[in-house]
Amino acid sequence: MKERFPPWMQDWLGLIVPIGQVVLIVLVAALLRMLARRVTERICARYNAPAELAIGARRVITFLISSAAFLLILERFGVSGMVLWTAFTGFAAVAAVAFFAAWSVLSNIFCAMLILATRPFRLHDHIEVLEGGDKPGLGGRVTDINLVYTTLLETGDDGEPQGSVLRVPNSLFFQRTVRRWRSEDERLKWSMRRPRRERELDD
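Draft legend 1. Here's a closer look at a nonpolar patch on the surface. Among the surface-exposed residues, L24, V28, L32, L35, V39, I43 and Y47 lie close enough to one another that they form a single nonpolar patch of about 680 Å² accessible area. You can see L35 is positioned in helix α1 (residues 7-46). Taking relative accessible area as the criterion, L35 reaches 52% and is therefore assigned exposed.

Draft legend 2. Fine view of the nonpolar core. Counting 12 residues, the largest nonpolar core is built from I115, F121, L123, I127, V129, V142, I145, L152, L166, V168, L172 and F173. Mapped by element, the contributors of at least two residues to this core are β1 (126-130), β2 (138-145) and β4 (161-169). Judged by nonpolar contacts, the second largest core, of 7 residues, contains V22, I25, A29 and A69.

Draft legend 3. A look at unusual backbone geometry. Not every positive phi belongs to a glycine, and R119 is a case in point at roughly 55°. Summarising the element assignment, R119 is placed in the loop between α4 (103-118) and β1. Backbone geometry at H124 places phi at a positive 75°, although glycine is not the residue there. Relative to the assigned elements, H124 resides in the loop between α4 and β1.

Draft legend 4. View of the pairing of strand β3 (residues 149-155). Counted residue by residue, β3 has 5 buried out of 7 residues, so it is predominantly covered. Here β2 runs beside β3; their pairing, made up of 4 bridges, is antiparallel. The residue bridging I145 from the neighbouring strand is T150, located in β3. Linkage of β2 to β3, two consecutive antiparallel strands, is achieved through a turn of 3 residues.

Draft legend 5. Main features of the pattern of salt bridges. Per the stated rule, a full pass over the model turns up 5 salt bridges. Between E41 and R37 there is a salt bridge, and its shortest N-O distance comes to 3.5 Å. You can see E41 and its partner R37 sitting in helix α1, 4 residues apart, about one turn around the helix. D144 is the partner of R59 in a salt bridge, and the nearest nitrogen-oxygen pair spans 3.2 Å. Here R59, found in helix α2 (residues 51-76), pairs with D144, found in strand β2; they are 85 residues apart in sequence, far enough to count as distant. Residue classification places R59 among the partly exposed positions, given a relative accessible area of 42%. When salt bridges with common partners are traced through the structure, they connect R37, E41 and R58 into a single cluster.

What counts and what doesn't
- Residues numbered from 1 in each chain as written.
- Predicted model: local features only at pLDDT ≥ 70, side-chain atom pairs only at ≥ 80, totals over all residues.
- Heavy atoms only, no water.
- Patch = residues over 30% accessible without salt bridge, like charges linked within 9 Å, V, L, I, M, F, W, Y side chains within 5 Å.
- Areas by Shrake-Rupley, 256 points an atom, 1.4 Å probe, with all protein chains shown as cover.
- Salt bridge = Lys/Arg side-chain N within 4 Å of Asp/Glu carboxyl O.
- Helix = DSSP H or I, 4+ residues; strand = E, 2+ residues; numbered from the N terminus.
- Buried < 20%, exposed > 50% of the residue type's maximum accessible area, 1.4 Å probe, protein only.
- Core = buried A, V, L, I, M, F, W, Y, C linked by side-chain atoms within 4.5 Å.
- Pairing = 2+ DSSP bridges.

By themselves, these figures tell us nothing about what the structure is for.
Structure follows, in structure tokens:
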């Protein structure tokens, strides 16, 4: 069929067809991501799953769809699947060695799974990591929990955000005592009662 076109158009077809296929793969991947996101949100809402689980599921699905689309795009440009598989396995072997060498990263990932399973705190909770006894330490509102860090948005005594965030390693929550409030109002009430309790302890 390609021979029916003029020579100058045949050269353009050799460029236009792969580009069109790449655009189609990208569009299909974007639609699949949107569909998977909606299905995940509905399932989590139906079974009252925690928000952390929904975020993790979306990230895994996005990674899988993006990886599949990337492999298909490379295949459209003539990269052999066997070459891709060989490169992937080699990279995975090297990454595995480096991964096991980084024991602290493994510890944080394992602690992230424990946080999602035991749920000592949730997204949007206000927490404080105590240094020792009742000494105040790192604190803020939980805005994100990933495999390595938990992100805390620092707030002042009046409850207003200070504009700074803390990225706390997940393993730290299992080495320190964590104080938790479910809302900003609870934290403010507690902070107002705190000076009175400290005076009582001093007396």
